[in-house]
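Fold and contact review
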Amino acid sequence: MEILSSRVLLRPADLARSQQFYRDVLGLAVYREFGAPASPGIVFFLGPGLLEVSGSADGAAGHGLMIWLQVRDIHAEHERLAAGGAPVLRGPVREPWGLTEMWIEDPDGVRIVVVEIPGDHPLRRDPRT
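These lines cover the structure that appears in this document, whether it is placed above or below. (Residues numbered from 1 in each chain as written. Predicted model: local features only at pLDDT ≥ 70, side-chain atom pairs only at ≥ 80, totals over all residues. Heavy atoms only, no water.)

**A short note on helix H2 (residues 74-83)**
Three or four residues apart is the spacing at which side chains of an α-helix point the same way, because the helix has 3.6 residues per turn. Sitting at the head of H2, aspartate 73 places a side-chain oxygen 3.2 Å from the backbone nitrogen of histidine 75. The positive-phi residue at the C-terminal boundary of H2 is glycine 85, with phi of around 95°. (Polar contact = N/O pair within 3.5 Å; in protein donor to acceptor, adjacent residues only side chain to side chain. Helix = DSSP H or I, 4+ residues; strand = E, 2+ residues; numbered from the N terminus.)

Structure, rendered in structure tokens:
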């Protein structure tokens, strides 16, 4: 299978509330809007990936989906997100696998893992010889 593009699809319980969270609280840039002007779907940039927030949830919100976001300065993001009203489930912690992670959630309870890759981590080094 050749993958040409990908995105995470999120069908929230309250479309406007979730779009406001991703746009205004997280501060994600809009890639495009589509659909009815009264309740458009919005596709946000997630680094090299995309997040589409459109439609509505069919079942229990927030189960079985997590979003992973890498940032440059996790402590600055922690302060900014907390001040902006993002529910912080756990502040920044250096994990045993070497990444610094914090956990927040969106208005529907979708977990968002915010990650900083420290300079000494193997993901920062070129493994080629």
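Next comes the rest of the write-up.
**With respect to the nonpolar core**
Counting residues in each nonpolar core, the largest one holds 23 residues, and the members touching the most others are Tyr22, Leu26, Leu51, Ile67 and Ile112. Contributions of two or more residues to this core are made by helix H1 (15-25), strand S3 (41-46), strand S4 (49-53), strand S5 (66-70), H2, strand S7 (100-105) and strand S8 (111-116). Among the elements that take part in this core, H1 stands out by supplying four residues, more than any other. Apart from residues lying up to four places away in sequence, isoleucine 67 is in contact with Tyr22, Leu46, Leu51, Val110, Arg111, Ile112 and Val113. (Core = buried A, V, L, I, M, F, W, Y, C linked by side-chain atoms within 4.5 Å. Buried < 20%, exposed > 50% of the residue type's maximum accessible area, 1.4 Å probe, protein only. Contact = heavy atoms within 4.5 Å.)

**A few points about the sheet that holds S7**
Strand order in the open sheet formed by four strands is S5-S8-S7-S6, and the pairing between neighbours is mixed. Taken across any chain shown, the strands that pair with only one partner, and hence form the sheet edges, are S5 and strand S6 (88-94). With strand direction ignored, the average angle separating the axes of adjacent strands in the sheet is 15°. Relative to S8, S5 runs parallel, the two sharing five bridges. Note on S8: the bridge partner recorded for methionine 66 is arginine 111. Sitting on the sheet, H2 is in contact with S6, S7 and S8, with an inclination near 15° to S7. (Pairing = 2+ DSSP bridges. Axes fitted to C-alpha atoms, helices over the stretch in contact; angles between N-to-C directions.)

Without other data, these values stay purely geometric and don't point to any function.
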